[in-house]
Amino acid sequence: MKRIYSSRDLAELLSVNESTVKRWSDTGYISCVRTKGGHRRFPIQSVIRFVQENKMEVPELAAQMFSSRDLQANLVAGNTDVLAPPLKEAALAGDLAESLSILRAGLAAKPDLLSLYSDVVFPPLVDIGHEWAAGNLTVDAEHLASRTIRDAVVRLQSSVYRKPSNGLTAVLACYEGELHEIVLHCIASYLQAEGWAVLNLGQSTPVDSLVNAIRRRKPQLVAVSAHLPEHERRFVRAINQKVFPAAHRLGARLAVGGPEMRSRFGDRLRADFVSESILDLETIADPRHCRK
Ligand code: B12
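Residues numbered from 1 in each chain as written. Predicted model: local features only at pLDDT ≥ 70, side-chain atom pairs only at ≥ 80, totals over all residues. Heavy atoms only, no water.

### What about the overall build of the protein?
For the protein, the count of helices and strands is 14 helices and eight strands. Computed over the C-alpha atoms, the radius of gyration of the protein is 21 Å, within 12% of the 19 Å expected from 2.2 N^0.38 for a compact globule of 292 residues. Projected onto the principal axes, the alpha-carbon positions of the protein cover approximately 65 × 50 × 35 Å. Within the protein, the proportion of its 292 residues that are buried is 49%. Considering only contacts in the protein between residues 6 or more positions apart, those separated by 24 or more positions represent 70%. (Helix = DSSP H or I, 4+ residues; strand = E, 2+ residues; numbered from the N terminus. Rg over C-alpha atoms; globule rule 2.2 N^0.38 Å. Buried < 20%, exposed > 50% of the residue type's maximum accessible area, 1.4 Å probe, protein only. Contact = heavy atoms within 4.5 Å.)

### Looking at the environment of Ala152
Residue placement: Ala152 occurs in helix 9 (residues 139-156). Sequence separation between Ala152 and Leu103 is 49 residues, and the spatial gap between their C-alpha atoms is 7.6 Å. Residue contacts for Ala152: discarding those within four places in its chain leaves Leu96, Ser99, Leu100 and Leu103.

### Quick word on the site of the ligand
The environment of the ligand is formed by 32 residues, the closest being Gly177, His180, Glu181, Ser225 and His227. Measuring from a nitrogen atom of the ligand, one finds a backbone N or O atom of Gly177 at 2.8 Å. Separating an oxygen atom of the ligand from a backbone N or O atom of Ile278 is a distance of 2.9 Å. More than half of the atoms of the ligand fall within 2 Å of the grid points belonging to the largest pocket. Taken together, the elements giving at least two residues each to the shell around the ligand come down to helix 8 (113-133), helix 9, helix 10 (182-193) and strand 6 (221-225). At seven residues, the largest contribution of residues to the shell around the ligand is made by helix 8. When its residues are assigned to classes, the shell around the ligand shows 15 nonpolar, 13 polar and four charged. When residues are assigned to domains, the shell around the ligand turns out to be shared by domain 2 (57-161) and domain 3 (169-289), each giving three or more. (Near = heavy atom within 4 Å. Polar contact = N/O pair within 3.5 Å; in protein donor to acceptor, adjacent residues only side chain to side chain. 1 Å grid on protein atoms, 1.4 Å probe; cavity = no way out; pocket = protein on both sides within 12 Å on 5 of 7 lines; lining within 4 Å. Sits in = over half its atoms within 2 Å of the grid points. Nonpolar A, V, L, I, M, F, W, Y, C, P; charged D, E, K, R; others polar. Domains from an automatic or database assignment.)

### Re the domain arrangement of the protein
With domains assigned, the protein is organised as domain 1 (1-53), domain 2 (57-161) and domain 3 (169-289). Measuring from the centre of the C-alpha atoms in domain 1 to the corresponding centre in domain 2 gives 25 Å. In this complex, domain 1 contributes 14 residues to the contact, which on the side of domain 2 involves 16 residues. Taken together, the two surfaces of domain 1 and domain 2 that pack against each other cover about 1400 Å², and 65% of this comes from carbon and sulfur. Viewed at the interface, domain 2 and domain 1 are joined by zero salt bridges. Run the count over domain 1 and domain 2 and you get three residue pairs in polar contact (both at pLDDT 80 or more). Within the residue set of the side of domain 1 that touches domain 2, elements represented by two or more residues are helix 1 (7-14) and helix 3 (44-53). Counting residues per element, the side of domain 1 that touches domain 2 draws most heavily on helix 3, at eight residues. (Buried area = accessible area lost by both parts, 1.4 Å probe. Salt bridge = Lys/Arg side-chain N within 4 Å of Asp/Glu carboxyl O.)

### A short note on the pairing of strand 3 (residues 40-43)
Where strand 1 (residues 4-6) lies against strand 3, three bridges are found, and the strand directions are antiparallel. The residue bridging Ile4 from the neighbouring strand is Pro43, located in strand 3. The sheet contact formed by strand 2 (residues 33-34) and strand 3 spans two bridges and is antiparallel. In the strand pairing of strand 3, Val33 is matched with Arg41. (Pairing = 2+ DSSP bridges.)

### Quick notes on helix 10
With 12 residues, helix 10 extends 17 Å between its outermost C-alpha atoms, agreeing within 8% with the 16 Å of an ideal straight helix rising 1.5 Å per residue. With 11 of 12 residues buried, helix 10 lies mostly within the body of the structure. Taken together, the buried positions of helix 10 are occupied by Ile182, Leu184, His185, Cys186, Ile187, Ala188, Ser189, Tyr190, Leu191, Gln192 and Ala193. Each element contacted by the buried residues of helix 10 is listed here: helix 8, helix 9, strand 4 (169-174), strand 5 (197-200), strand 6 and helix 14 (281-284). (Expected span 1.5 Å × (residues − 1).)

### Brief notes about the layout of surface pockets
Estimates place the volume of the largest pocket at around 1300 Å³. Lining the largest pocket are 36 residues, with Leu125, His180, Glu181, Ile182 and His227 sitting closest to its centre. For the lining of the largest pocket, the element with the highest residue contribution is helix 8, accounting for eight residues. Built from parts of two domains, the lining of the largest pocket gets at least three residues from each of domain 2 (57-161) and domain 3 (169-289). Taken as a whole, the second largest pocket spans an internal volume of roughly 390 Å³. Looking at the second largest pocket, it is lined by 15 residues, and the ones nearest its centre are Lys55, Pro111, Asp112, Lys163 and Glu194. Elements supplying a minimum of two residues to the lining of the second largest pocket: helix 8 and helix 10. When grouped by side-chain class, the residues that make up the lining of the second largest pocket number eight nonpolar, one polar and six charged. Two domains share the lining of the second largest pocket, each providing at least three of its residues, namely domain 2 (57-161) and domain 3 (169-289). (Points joined across faces, edges and corners; volume = space filled by probe spheres on them.)

Right, dumping it as structure tokens:
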């Protein structure tokens with residue numbers, strides 16, 4: 001994928017006249033930098049944000065990146081799941097630049113963050129987890145790969161179009177002891193793209209600190225992620241007796257998510273949403289149901 005487009009390149013890519021591209025740039029619809037000679041140059045981040053903002057599907061932008069005809073054809077058809085194996089390979093090699101390009105390609109082919117996460121980002125992580133558990137991948141290889149994916153997800157934020165602020169705030173946290181935080185970065189990016197202000201407290205947040213943050217920041221949404229709560233009863237008590245009352249006192253909605261969260265804890269947890277999938281965020285973060 002090119003990193004910088006000239007006005008002519010961009011016009012060709014978007015099937016418009018060069019003068020249209022120049023007008024968009026002059027009216028501020030798409031940002032560019034100028035060369036010393038005054039020519040417009042459009043960084044890939046601006047191009048992808050512009051394409052998302054205007055809900056344009058430009059799979060050719062993604063296809064340009066790959067030489068394999070099969071991959072190109074799939075991307076043009078919107079099948080972004082074909083990007084999962086190359087992402088896994090790049091992550092295992094610790095290649096952040098390549099991982100980021102793959103995510104950008106996915107976003108260009110299908111401008112939908114939640115499907116990018118579930119079709120492209122999560123499958124390699126699950127595979128890597130299986131291979132580690134089966135003893136086929138060393139801990140250092142697993143750490144390097146998951147860290148590369150995490151960093152690529154974080155860096156992708158600069159290519160994500162953000163809707164104007166909706167005036168809502170979300171507080172995100174991993175339950176205490178919990179180190180699996182990649183999903184929180186994904187949730188943060190999605191909410192920011194939807195116009196939320198996000199405070200991501202990250203890995204292993206003590207319950208009392210989470211409660212303090214809720215009281216201080218008065219969010220409309222609290223999202224907690226937990227993979228492996230060591231002491232199940234303590235986890236249920238912390239959510240039911242501390243986090244839920246703190247959130248509800250302020251009219252905030254509480255979402256608790258993690259693998260098998262519904263089947264393991266669904267009927268025991270006091271929460272507005274108990275979720276096992278990031279795809280539920282569309283409902284969880286629907287601003288129509290949030291207090292202003
Ligand atoms: C990367 C990784 C790590 C990294 C985490 C790095 C980081 N910065 O996040 C490190 C190295 C720290 C790590 C440590 C451990 N890990 Co680990 N890890 C993984 C791995 C490979 C990927 C995790 C990940 O990001 N998955 C992708 C995300 C998106 O999945 P997810 O978080 O579950 O989210 C999904 C749902 O749960 C849901 N969801 C989750 N939270 C929320 C919240 C909301 C609000 C919503 C709506 C939805 C939602 O949405 C997502 C799907 O759409 C997984 C493999 C796997 N299958 O996930 C193993 C895995 C989770 N780890 C595992 C284990 C055993 C461990 C350790 C105990 C290993 C050890 N002996 O030390 C420790 C525990 C650390 C701790 N205290 O938390 C096991 C867990 C098995 C189990 N269920 O008991 C797994 C499944 C590997 C395996 N196949 O065995 N790990």
